[in-house]
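For reference, the chains in residue letters:
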Amino acid sequence: MNLNFDSQQLAFRDELRAFLRDHLPADIRTRMRDGDHSHIREDISDWQKILHRQGWGAPAWPKEFGGPGWSKPQQYIFDVECALADAPEQLAFGLKMVGPVIMRYGNAEQQQRFLPRIVAADDWWCQGYSEPGSGSDLASLRTRAERAGNDYIVNGQKVWNTLGQFANWIFCLVRTGNGGKPQQGISFLLIDMRTPGVKVQPTRLLDGGFEVNEIWFENVRVPMGNLIGEENRGWTYAKFLLGHERSNVAGIGAIKRELLRLKQIAARTQGETASLLHDPIFATRIAQVEIELRALEIISLRAMFEAERNSAPGPEASILKTRGTEIRQRISELQIDALGEAALTIAPRIDDDTPRAMLDYLNLRKLSIFGGSNEIQRNIIAQRILGL
Amino acid sequence: MDFSYTDEQQMLLDTARRFVGERYPFEYRQRVRDSAEGWSRETWLRLADLGLLALNVPESEGGLGAGPIETMLVCNALGEGLLLEPYVGSAVVATSVIAELGSPHQRQRWLPHLASGEVVALLAHDEPDSGDDFARVQTRARREGEHWRLDGRKSQVYHAPAANLLLVSARTEDDVLAVFAVPTNVPGVHLAAQKTVDDQCAANVHLDGAQVEADARLGADAQGALRNALDAGLAALCADAFGAMDKAFATTVDYCRSRTQFGAPIGTFQSLQHRMADMLMRLEEARAMSYLAASACSHSDLAERRAALAAAKALMGQCARHIGQQAIQLHGGMGMTDELAISHYFKRLIAFEFRNGSTDQHLRDYRKQLRAA
Ligand SMILES: Cc1cc2nc3c(=O)[nH]c(=O)nc-3n(C[C@H](O)[C@H](O)[C@H](O)COP(=O)(O)OP(=O)(O)OC[C@H]3O[C@@H](n4cnc5c(N)ncnc54)[C@H](O)[C@@H]3O)c2cc1C
């Protein structure tokens, strides 16, 4: 057994670091560091284009679809280094979700039509799964698609569509069949958001930001050619996708970055006798979470190692998602705890860690809710891993 | 021992709750939040009409001369209503400072106006460097003929933009801790206001040669009165937070009763039932500590009082975090929205954790007075 990256992998890491230093624009990096989302659309797009020019636009994709053909450890190192460098997170909806589904279940025409535009940031995809009545119980979804000639007519409502206000495409789970188990009548449909009858309304969240949307479909005509795979088999594709969404699901890079930020805040905050980084009580809390992160990283690497041998990620993803989000939320708590009373004020203009820490704290409550809530993950662990 | 409320106390609680229910529904509160001022003078005058601003005004000045239990009950209700107006700051803390320190003339001059709502007064005491020592004040007061001249900086005065009177603590040339009544429109008083996480406002106050008349000084040595007022305010803040926790909890239980997933109300899932059982236990702890704070905040044994208040604030801060986080979690995505009240309870509770000394600070205070026997 050997827990370390080999020298080639370390050289790859150094290459990435140099690239990030030279090619990540300073203004984007600053905005990401400050949690400033005022230019988020451009920042994500511009960064995607820079990566694309380098041939790294789709780190996890095979070469035939425009990926760099990296191994899983390379993809992992890429994720971590990008997060540590305060690069914008690449849009997962195209690259990690609908892209892999199209590769696996889409036809050749769909692959040619959609995949290159995802890598080149020509299309902006969002995910249309959740509905007002169907969150954790996704299979109960009610948005309908009815056949009409060579089209589907779609009616219904989706909610919580992350960054959907910038999207021109949405992949949806829609109901096409009746009867049987609720999972059985679901299809996977790609919808051009500029089609008449699509209405998007951003939702204000508790931190004042607008990152999710409600989307209504009123008699929206969708060509049958936009159906992925077979009708009524969408649940299978969605499950495949959920597995994919979960590669580096623990978000190790972002956790490492925030742990560093926590230490920086602690180092410049005066405690009882020394800085909080050397305050016995506070430093013990930081030590605790850092130790938990070390364990999580090894669990993560091991899952990756296993996944490379067995292809499909299994229910271990639930462990990574749950622990990753718990540790990230814990670090966020420690950041505001370190700031103390200073964490209270939220400046309209963001120029240091202070307002960001509190806004992050509010915003990151989402981590244990979305992507399958942590309660649902525990149900999965109990049922699929333990067989209870 | 007696945990019941007197008839008068119960009536007071009912009055405050009725006010919140009828005059301060959440939709109204959100309109006020979105207004330019961020608080409502109309509401303030309504609180005056109900006599609630006179609660801590002595009977000799036409007030109710009520005590900490009454204050607790009113603040419970105002916390339940997510009140944006500076009740604790003006009607509890500042009112107590003037009532205790003021000469008869000064009391007559200010207290009736505080009770009627015309004057909103706030204590500006904490400073950037005050740390854990409440008496560490670097703001200076110098006598210049018929005037006092004030120089210094005060930090994070909650609600400051709403005030027309600041009670500024400062050290005189003979190093006495004194308090001065400083109208906010006096030249040399500058407020730098910032939004706080709970949609309120706090300001750093700069005093740059602010001049006030000789009569602006309230009493002589203000240390004891400041301590008393701050402690009364801390207990009131705890009561406000308890009200918010209570409401956040009840709202969450209701939500879990009505939200259906997998063909059943989510409240029927045992894992969530346990979560709500844990929340209830923390809520009861918080209630207990809020009682302790109200009972101890006017205790004459200062050490005992300080320990009780530190204990209350420390534990209630932890309860607030637990209940707030779980309330959001159990609401799922809806808990993340600005639209529902639950996220605003969450934010009020996180603000509570850090106001008037953080949980960590109060734990430290408590720890410092631990004795082996
Ligand atoms: C910021 C954010 C971004 C999102 N982005 C997207 C997106 O881009 N696309 C998309 O389709 N969706 C998105 N979602 C939706 C997300 O997937 C759902 O919020 C999530 O599935 C939970 O559903 P819900 O909000 O309806 O909560 P509910 O399912 O109503 O859950 C409420 C509470 O009950 C618990 N619960 C539910 N069932 C059980 C059970 N059986 N056992 C124990 N506990 C249970 C939950 O864990 C939660 O605590 C996003 C959500 C958020 C908050």
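Note that the structure is a prediction, hence the values are computed from the model and not measured.

**Student:** Would you take a moment to explain the site of the ligand for this structure?
**Tutor:** The local shell around the ligand holds 31 residues, among which A:S136, A:W160, A:T162, A:S373 and B:R259 are the closest. More than one chain reaches the ligand: its neighbouring residues belong to chains A and B. In the model, an oxygen atom of the ligand is placed 2.6 Å from a nitrogen or oxygen of the A:S373 side chain. Here an oxygen atom of the ligand sits 2.8 Å away from a polar atom, N or O, in the main chain of B:G333. Burial of the ligand by the protein chains amounts to 94% of its free accessible area of 970 Å².

**Student:** Would you mind showing me how to read the domain arrangement of chain A here?
**Tutor:** Where interface size is quoted, it is often the accessible area lost as the parts come together. All names here are of chain A. Split by domain assignment, chain A resolves into domain 1 (7-90), domain 2 (125-233) and domain 3 (250-385). Between the C-alpha centres of domain 1 and domain 3 there is a distance of 21 Å. At the junction of the two partners, domain 1 supplies 12 residues and domain 3 supplies 15 residues. Both sides together, the interface formed by domain 1 and domain 3 hides about 1,200 Å², and carbon and sulfur atoms give 63% of it. Considering only the surface of domain 1 that becomes buried against domain 3, D34, K72 and Y76 emerge as the three largest contributors, covering 45% of it. Applying the counting rule to domain 1 against domain 3 returns two salt bridges. The salt bridge partner of D86 is R257, with a shortest N-O separation of 3.9 Å. At the boundary of domain 1 with domain 3, the tally comes to five residue pairs in polar contact (both at pLDDT 80 or more). At the level of elements, α2 (26-34) and α4 (72-84) are the ones that each hand at least two residues to the side of domain 1 that touches domain 3.

**Student:** Would you take a moment to explain the environment of B:G317 for this structure?
**Tutor:** Residues and elements named next belong to chain B. Along the chain, the position of G317 falls in helix α9 (residues 302-331). Between the alpha carbons of G317 and P58 there is a distance of 31 Å; along the sequence they are 259 residues apart. Not counting residues up to four positions away in its chain, the partners in contact with G317 are F352, E353 and T359.

**Student:** Just checking my understanding: could you explain the interface of chain B and chain A for this structure?
**Tutor:** Between chain B and chain A, the residue contacts involve 39 residues of the former and 37 residues of the latter. The contact between chain B and chain A buries some 3,300 Å² in all, and 55% of this surface belongs to carbon and sulfur atoms. Three residues stand out in chain B for area buried against chain A, namely B:Q329, B:M336 and B:F354, and they jointly supply 21% of the buried area on that side. Joining chain B to chain A, the criterion identifies seven salt bridges. Note that A:E375 is salt-bridged to B:R275, the shortest N-O span being 2.8 Å. At the junction of chain B with chain A, the criterion picks out 22 residue pairs in polar contact (both at pLDDT 80 or more). Listed by contribution, the elements that provide at least two residues to the side of chain B that touches chain A are α2 (26-34), β3 (147-158), β6 (189-196), β9 (260-261), α8 (270-296), α9, α10 (341-354) and α11 (359-368) of chain B. Looking at side-chain class alone, the side of chain B that touches chain A contains 11 nonpolar, 14 polar and 14 charged residues.

**Student:** Looking at this structure, how should I read the nonpolar core?
**Tutor:** As a rule of thumb, nonpolar side chains are buried together in soluble globular proteins. Counting 83 residues, the largest nonpolar core has B:L47, B:Y87, B:L150 and B:L167 as its most contacted members. With 10 residues, the single largest contributor to this core is helix α5 (residues 87-101) of chain B. Leaving out residues up to four positions away in the same chain, B:L150 has contacts with B:R140, B:A141, B:V168, B:A170, B:F180, B:V182, B:L207, B:D208, B:G209, B:A210 and B:V212. Membership of the second largest hydrophobic core comes to 82 residues, among which are A:L262, A:L276, B:L237 and B:C256.

**Student:** Just checking my understanding: could you explain the packing of aromatic side chains for this structure?
**Tutor:** Aromatic rings in a pair are described by how distant their centres are and how their planes are angled relative to each other. Per the stated rule, a full pass over the model turns up 23 aromatic pairs over all chains. Ring geometry for A:F114 and A:W169: centres 5.0 Å apart, planes at 80°, overall edge-to-face. Linking A:F114 in helix α6 (residues 108-119) with A:W169 in strand β4 (residues 169-175), this pair joins segments that are 55 residues apart in sequence. Residue class for A:F114 comes out buried when judged on its relative accessible area of 1%. With a relative accessible area of 5%, A:W169 lands in the buried category. Grouped by ring-pair contacts, the aromatic residues A:F12, A:F19, A:W47, A:W56, A:W70 and A:F78 constitute a single cluster. Above the ring of B:F134, the side-chain terminus of B:R227 is found at 4.4 Å from the ring centroid.

**Student:** What should I look at first to understand the environment of B:Q261 in this one?
**Tutor:** Among the secondary structure elements, B:Q261 is positioned in strand β9. Separated by 210 residues in the primary sequence, B:Q261 and B:G51 place their C-alpha atoms 47 Å from one another. Not counting the four nearest positions on each side in its chain, B:Q261 is found in contact with A:G133, A:S134, A:G135, A:S136, A:D137, B:I266 and B:F269.

Thresholds, definitions, all that
- Residues numbered from 1 in each chain as written.
- Chains lettered and ligands numbered in written order.
- Predicted model: local features only at pLDDT ≥ 70, side-chain atom pairs only at ≥ 80, totals over all residues.
- Heavy atoms only, no water.
- Near = heavy atom within 4 Å.
- Polar contact = N/O pair within 3.5 Å; in protein donor to acceptor, adjacent residues only side chain to side chain.
- Areas by Shrake-Rupley, 256 points an atom, 1.4 Å probe, with all protein chains shown as cover.
- Domains from an automatic or database assignment.
- Contact = heavy atoms within 4.5 Å.
- Buried area = accessible area lost by both parts, 1.4 Å probe.
- Salt bridge = Lys/Arg side-chain N within 4 Å of Asp/Glu carboxyl O.
- Helix = DSSP H or I, 4+ residues; strand = E, 2+ residues; numbered from the N terminus.
- Nonpolar A, V, L, I, M, F, W, Y, C, P; charged D, E, K, R; others polar.
- Core = buried A, V, L, I, M, F, W, Y, C linked by side-chain atoms within 4.5 Å.
- Buried < 20%, exposed > 50% of the residue type's maximum accessible area, 1.4 Å probe, protein only.
- Phe/Tyr/Trp six-rings, centres within 6.5 Å; stacked < 30°, edge-to-face > 60°.
- Lys NZ or Arg CZ within 6 Å of the ring centre and 35° of its normal.

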